[in-house]
Amino acid sequence: MATIQFTILKYNPDLFTGESINVGIAYHIVEENFRKFDLIQRKKRLFTFDDELDKEFTTDTLNAIKSSWVENGPMFKHYDTLSDFSKYYVNEFHFGEVITRQNISDPHTFIDSTTRNFLGLSMDKSNRLSHDDRLAYYATFFPEDMFPSVLNYTLTGYLGDSMHFDLYSDDSTNEFSIGMKILKNSNASILSLRSWLYFASVNKHVRLYILLEETREDLNDTLKMILNHAEQNELVKIITIEDENPLLEIATSEEIEKQ
């Protein structure tokens, strides 16, 4: 079993617009001191995102960031941990939180899945995670002793309407069931989010958890406003893949009973 730490390198050209794109991921298998850094494969996506970038200079910059972590030799400053390495990048290129995953049985497969998940849009479609593979990847964040969960589950509500959950758990020891939806950070998600919240307001026996693939700060203003309102009215619980242990609360019966 291995302990893996990883952090996502983002490019954010303008703090006022808040737009960003994932451009790399740094990994550390702690026990082996194995270091890896995966960069965005098709940089055309980055240069389309910001067409004012100097392509040669940007490519050199990304390669230098990668080398400073992977090489970690006499020509580069020595970094013992990802936190120590990533904290120095605070400008357009900056790292998110360092995520720690413990007891990983196949660390290199986990690294491959993580890269294909967070950098997938820069890959050929044949190399991206399928929808079911992505759900299975997110499900690995649940504790192993969690009550049984089902991927791709459709539930019929009290009014006869149905809702498809990316992950659904029905715990017979509790009053509530748990349904999780993955929210993409796009304007197209606004109508879907409103529909989910209506379902949650009518079917209060189901606790709706929304998993963000971005940090809260990276969400567009409309999604952020709707989610804040929903949280204040206890319609939803927000979790993010960048939290230290993002899905642990879902498995905690005590938290559910407090609702």
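Residues numbered from 1 in each chain as written. Predicted model: local features only at pLDDT ≥ 70, side-chain atom pairs only at ≥ 80, totals over all residues. Heavy atoms only, no water.

What about the packing of helix H4 (residues 107-118) against helix H5 (residues 131-139)?
Part 1 of the reasoning: H5 packs onto H4 with a crossing angle of 120 degrees between their chain directions and a minimal axis gap of 11 Å. Taken together, the axis directions place H4 and H5 in an arrangement best described as oblique. In terms of crossing hand, the pair formed by H4 and H5 is left-handed. Every residue of H5 that contacts H4 at Phe110, Ser113, Thr114, Asn117 and Phe118 is listed here: Arg134, Tyr137 and Tyr138. (Axes fitted to C-alpha atoms, helices over the stretch in contact; angles between N-to-C directions. Helix = DSSP H or I, 4+ residues; strand = E, 2+ residues; numbered from the N terminus. Parallel < 35°, antiparallel > 145°, perpendicular 65-115°, else oblique. Left-handed = near helix turned anticlockwise from the far one by under 90°. Contact = heavy atoms within 4.5 Å.)

So, unusual backbone geometry
Part 1 of the reasoning: Phi angles above zero are rare outside glycine, and Asn33 is one such case at about 55 degrees.
Part 2 of the reasoning: When you line up the elements, Asn33 lands in the loop between strand S2 (21-29) and strand S3 (34-39).
Part 3 of the reasoning: Residue classification places Asn33 among the partly exposed residues on the basis of a relative accessible area of 44%.
Part 4 of the reasoning: Notably, Asn103 is not glycine yet its phi reads approximately 55 degrees, a positive angle.
Part 5 of the reasoning: Here Asn103 is to be found in strand S5 (residues 99-104).
Part 6 of the reasoning: By relative accessible area, which is 55% here, Asn103 ends up exposed. (Buried < 20%, exposed > 50% of the residue type's maximum accessible area, 1.4 Å probe, protein only.)

A look at the environment of His28
Part 1 of the reasoning: On the secondary structure map, His28 appears in strand S2.
Part 2 of the reasoning: Owing to a relative accessible area of 4%, His28 belongs among the buried residues under this scheme.
Part 3 of the reasoning: When residues no more than four places from it in sequence are discounted, the contact partners of His28 are Thr3, Ile4, Gln5, Asn33, Phe34, Arg35, Trp69, Asp80 and Leu82.

Comments concerning the nonpolar core
Part 1 of the reasoning: With 23 residues, the main nonpolar core has Ile4, Phe6, Ile25 and Met180 as its most contacted residues.
Part 2 of the reasoning: At the level of secondary structure, the elements contributing two or more residues to this core comprise strand S1 (2-11), S2, S5, H4, H5, strand S8 (177-183) and strand S9 (206-212).
Part 3 of the reasoning: Here this core gets four residues from one element, more than from any other, and that element is S1.
Part 4 of the reasoning: When sequence neighbours within four positions are dropped, the list of residues in contact with Ile25 reads Phe6, Thr7, Ile8, Lys36, Phe37, Asp38, Thr114, Thr115, Phe118 and Leu119.
Part 5 of the reasoning: Counting 22 residues, the second-largest nonpolar core is a separate cluster that includes Tyr168, Ile210, Leu212 and Leu223. (Core = buried A, V, L, I, M, F, W, Y, C linked by side-chain atoms within 4.5 Å.)

Concerning the pairing of S9
In the case of a regular strand, side chains alternate between the two sheet surfaces.
Part 1 of the reasoning: In terms of burial, S9 is a largely internal element, seven of the seven residues being buried.
Part 2 of the reasoning: The two faces of S9 match: Val206, Leu208, Ile210 and Leu212 on one face and Arg207, Tyr209 and Leu211 on the other face are all buried.
Part 3 of the reasoning: Bridge count for S8 against S9 is seven bridges, and the pairing is parallel. Residue pairing across strands places Ser177 opposite Val206, the latter belonging to S9.
Part 4 of the reasoning: With helix H6 (residues 189-202) bridging S8 and its parallel neighbour S9, the resulting β-α-β unit is right-handed.
Part 5 of the reasoning: Of the strand pairs in this sheet, S9 and strand S10 (residues 237-240) are connected by four bridges, and their pairing is parallel. Residue pairing across strands places Tyr209 opposite Lys237, the latter belonging to S10. (Pairing = 2+ DSSP bridges. Right-handed = clockwise from strand over helix to strand, strands pointing away.)

Some words on H4
Part 1 of the reasoning: Here H4 is twelve residues long and its end C-alpha atoms lie 16 Å apart, about the 16 Å a rise of 1.5 Å per residue gives.
Part 2 of the reasoning: Lining the buried residues of H4 we find S1, S2, S3, S5 and H5. (Expected span 1.5 Å × (residues − 1).)

Some thoughts on the packing of aromatic side chains
Part 1 of the reasoning: Applying the stated criterion to the full structure yields 14 aromatic pairs.
Part 2 of the reasoning: Consider the rings of Phe6 and Tyr27, whose centres lie 6.0 Å apart with planes at 40 degrees: the pair is tilted. With Phe6 in strand S1 and Tyr27 in strand S2, this pair connects stretches of sequence that are 21 residues apart.
Part 3 of the reasoning: Look at Phe6 and you get buried, because its relative accessible area is 0%.
Part 4 of the reasoning: Three or more aromatic residues joined by ring pairs form one cluster here, namely Phe6, Tyr27, Phe110, Phe118 and Tyr137. (Phe/Tyr/Trp six-rings, centres within 6.5 Å; stacked < 30°, edge-to-face > 60°.)

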